[in-house]
Amino acid sequence: MHATLHAPGPDRVRANTWPPINERVDRGIQLRLRQAAAWHTPDELSDQIAALDMEWDFERVVEAEASLAGLLGLVLGATVDRRFLAVPAIVAVMLLVHASQGWYPLLPIFRRLGVRTRHEIDRERFGVKAIRGDFTTVPPAGAAATERAAAAWKAVCA
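Structural notes, computed from the coordinates. Since this is a predicted model, take the numbers as computed values, not measurements.

### Observations regarding the overall build of the protein chain
Argument step 1. Looking only at helices and strands, the protein chain has eight helices and zero strands in total.
Argument step 2. Seen in sequence order, the protein chain has helices and strands lined up from the N terminus as α-α-α-α-α-α-α-α.
Argument step 3. The C-alpha radius of gyration computed for the protein chain amounts to 21 Å, which surpasses the reference 15 Å derived for 158 residues by more than 25%, pointing to a less compact arrangement than a globule.
Argument step 4. Seen along its three principal axes, the alpha-carbon backbone of the protein chain occupies a region of about 65 × 45 × 30 Å.
Argument step 5. Within the protein chain, the proportion of its 158 residues that are buried is 32%.
Argument step 6. Of the roughly 10,000 Å² of accessible surface on the protein chain, 66% is carried by carbon and sulfur atoms.
Argument step 7. Averaged over its 19 positive side-chain charges, the protein chain has a centre that lies 3 Å from the centre of its 18 negative ones.

### Here's the deal with the nonpolar core
Argument step 1. Judged by nonpolar contacts, Val13, Phe58, Val61, Val62, Ala66, Ala69, Val91, Met94, Tyr104, Leu107, Phe110 and Val115 together constitute the single largest core of 12 residues.
Argument step 2. Looking at this core, the elements with two or more residues in it are α4 (58-79), α5 (86-101) and α6 (107-112).
Argument step 3. With five residues, the top contributor of residues to this core is α4.
Argument step 4. Val25, Ile29, Leu33 and Val128 belong to the second largest nonpolar core, which has nine residues in total.

### So, the packing of helix α7 (residues 118-132) against helix α8 (residues 145-157)
Argument step 1. Contact geometry of α7 with α8 gives a least axis separation of 10 Å together with a crossing angle of 110 degrees. Relative to α8, the element α7 lies roughly perpendicular. Across from Arg125, Phe126 and Lys129 in α7, the residues of α8 making contact are Ala155, Val156 and Cys157.
Argument step 2. When the residues that make up the contact of α7 with α8 are grouped by side-chain class, the tally is four nonpolar, no polar and two charged.

### Quick notes on helix α2 (residues 19-39)
Argument step 1. Under the 1.5 Å per step criterion, the end-to-end length of α2 is 30 Å for 21 residues, consistent within 8% with the ideal 30 Å.
Argument step 2. Along α2, the positions that sit buried rather than exposed are Ile21, Asn22, Val25, Asp26, Gly28, Ile29, Leu33 and Ala36. For α2, the angular spread of buried residues about the axis comes to 155 degrees, placing them on one side. Counted as exposed and oriented over 90 degrees from the buried face of α2: Arg34 and Ala38.
Argument step 3. On the buried face of α2, the contacting elements are α1 (12-15), α3 (42-54), α6 and α7.

Reading the values: rules and limits
Along each chain, numbering runs from 1 in the same order as the chain's sequence is written. At least 70 in pLDDT is required for a residue's local features to be given in this predicted model, at least 80 for side-chain atom pairs to be given and counted, and no such filter applies to totals for whole chains, interfaces and linings, which use all residues. Each side-chain value is derived from all of the structure's non-hydrogen atoms; neither hydrogens nor water enter the calculation. Going along the chain from the N terminus, every DSSP run of H or I of four or more residues is numbered as a helix, and every run of E of two or more is numbered as a strand. Each radius of gyration reported is based on C-alpha atoms, and the globular scaling rule is 2.2 Å times the count of residues to the power 0.38. We call a residue buried when its accessible area falls under 20% of the maximum for its residue type, exposed when it is over 50%, and partly exposed in between, using a 1.4 Å probe and counting protein chains only. All accessible areas in this document rest on Shrake-Rupley with a 1.4 Å probe, and a residue is counted as covered only by the protein chains that are shown. Asp and Glu count as negative and Lys and Arg as positive, but His and the ends of the chain are not part of the count. Charge positions come from single atoms, namely NZ of Lys, CZ of Arg, CG of Asp or CD of Glu. Side-chain atoms within 4.5 Å are what join buried Ala, Val, Leu, Ile, Met, Phe, Trp, Tyr and Cys residues into a set we call a nonpolar core. To get an axis, fit a line to the C-alpha atoms, keeping to the stretch in contact for a helix; angles then go from 0 to 180 degrees between the N-to-C directions. Put simply, angles under 35 degrees are roughly parallel, angles over 145 are roughly antiparallel, angles from 65 to 115 are roughly perpendicular, and the rest are oblique. Only heavy atoms enter the contact rule, under which two residues are in contact if any of them lie within 4.5 Å. Ten residue types, Ala, Val, Leu, Ile, Met, Phe, Trp, Tyr, Cys and Pro, are classed as nonpolar, four, Asp, Glu, Lys and Arg, as charged, and the remainder, Gly among them, as polar. Between the first and last residue of a helix there are one fewer steps than residues, each counted as 1.5 Å, and that sum is the expected span. In this context, the arc is that of the directions from the helix axis out to the C-beta atoms.

Take it as geometry only, folks, not as evidence of what the structure does.
Okay, structure coming up:
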């Protein structure tokens with residue numbers, strides 16, 4: 001018998017997010033892509049890509065929040081009341097649940113605040129790159145595989 005330790009699908013955070021929130025995120029991406037296609041210059045598109053590269057994804061936000069909560073619990077436990085030492089233990093359990101299931105107690109709050117997954121950020125990033133024309137340099141099917149692969153690699157790394 002085979003046991004699955006995570007939510008199905010490519011994006012466990014989206015799988016554990018209320019569907020209207022996912023739809024709002026997707027509509028935002030589509031709107032920004034329409035705006036980019038309508039009026040952005042290549043330099044503005046490059047700036048938009050750079051901003052997307054710097055955007056914190058859900059995993060990074062969770063890592064920072066959990067680290068801060070755990071450290072705060074340790075400090076308060078050492079200086080105020082030993083009962084605060086339960087906070088790092090609770091944080092560790094929350095992280096274990098997130099690692100195994102994709103759910104996190106603060107997930108609904110972070111998602112409502114607009115924190116996106118890496119996959120969502122990358123979808124917008126590659127959409128902007130396509131609008132900028134990065135993928136037009138990939139040779140068509142029938143060209144040498146090494147040439148096509150090298151051009152594709154250059155396009156996604158630009």
